[in-house]
Amino acid sequence: MRPLRRDMQIVFQDPFGSLSPRLSVAEIVEEGLLAQNTPMNKAQRREAVARALADTGLDPETMDRYPTNLRRPAPAHRDRPRNGPRSQIRRA
């Protein structure tokens, strides 16, 4: 099982609830490299983080920002509360 762990990753469904607000985006992504004991120096790890961000469609320039500074996407239309028919409103 241990050799397979290098090929697997955990994907969190709610990044704003699961990312540490005390770590930068680069530190969060870099944690995976450090956990796998990859033989890279700091400059190589930053380059790997930049590539990972670019591969996922994120701007590599955001790597030094914190998760709380990233823009939260607007909820999908189906997630918005719906107002029922006006006939359901009770008046006292």
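Residues numbered from 1 in each chain as written. Predicted model: local features only at pLDDT ≥ 70, side-chain atom pairs only at ≥ 80, totals over all residues. Heavy atoms only, no water.

Chemist: What am I meant to see in unusual backbone geometry here?
Modeler: Glycine aside, negative phi is the norm for most residues, and most peptide bonds take the trans geometry. In this model, N37 sits at a positive phi of 55°, which is unusual for a non-glycine residue. Mapped onto the elements of the fold, N37 is located in the loop between α2 (25-35) and α3 (42-55). Overall, the relative accessible area of 66% leaves N37 in the exposed class. (Helix = DSSP H or I, 4+ residues; strand = E, 2+ residues; numbered from the N terminus. Buried < 20%, exposed > 50% of the residue type's maximum accessible area, 1.4 Å probe, protein only.)

Chemist: For this particular structure, what's the right way to read a nonpolar patch on the surface?
Modeler: On the surface, M1, L4 and M8 cluster together to form a nonpolar patch covering roughly 340 Å² of accessible area. Mapping L4 onto the fold places it in the segment before α1 (15-18). (Patch = residues over 30% accessible without salt bridge, like charges linked within 9 Å, V, L, I, M, F, W, Y side chains within 5 Å. Areas by Shrake-Rupley, 256 points an atom, 1.4 Å probe, with all protein chains shown as cover. Salt bridge = Lys/Arg side-chain N within 4 Å of Asp/Glu carboxyl O.)

Chemist: What exactly am I supposed to notice about the nonpolar core here?
Modeler: In globular proteins that are soluble, nonpolar side chains generally tend to be buried together. By size, the foremost hydrophobic cluster in this structure holds 8 residues: V25, A26, L33, A48, V49, A50, L53 and M63. Looking at this core, the elements with two or more residues in it are α2 and α3. With 4 residues, the single largest contributor to this core is α3. (Core = buried A, V, L, I, M, F, W, Y, C linked by side-chain atoms within 4.5 Å.)

Chemist: It is not clear to me how the pattern of salt bridges should be interpreted in this structure. Could you clarify?
Modeler: Two side chains with opposite charge may pair up if their charged atoms get near one another. Counted under the stated rule, the structure contains 3 salt bridges. Residue R45 pairs with E30 through a salt bridge whose shortest N-O separation is 2.6 Å. Of this pair, R45 sits in helix α3 while E30 sits in helix α2; the two residues are 15 residues apart in sequence, bridging distant segments of the chain. Assessed through its relative accessible area of 15%, R45 is described here as buried. Overall, E30 belongs to the buried group, its relative accessible area being 9%.

Chemist: Which parts of the structure should I look at to understand α2?
Modeler: Helical periodicity: at 3.6 residues per turn, an α-helix aligns residues three or four positions apart in one direction. Buried within α2 we find V25, A26, I28, E30 and L33. Taken together, the buried residues of α2 touch α3. N37 lies just past α2 and shows a positive phi near 55°. (Contact = heavy atoms within 4.5 Å.)

Chemist: Sorry, what's going on with the environment of I28 here?
Modeler: With respect to the element layout, I28 can be found in helix α2. When the C-alpha atoms of I28 and V49 are compared, they prove to be 9.4 Å apart, with 21 residues separating the residues in sequence. For I28, the contacting residues outside a window of four places in its chain are L19, S20, L23 and P67.

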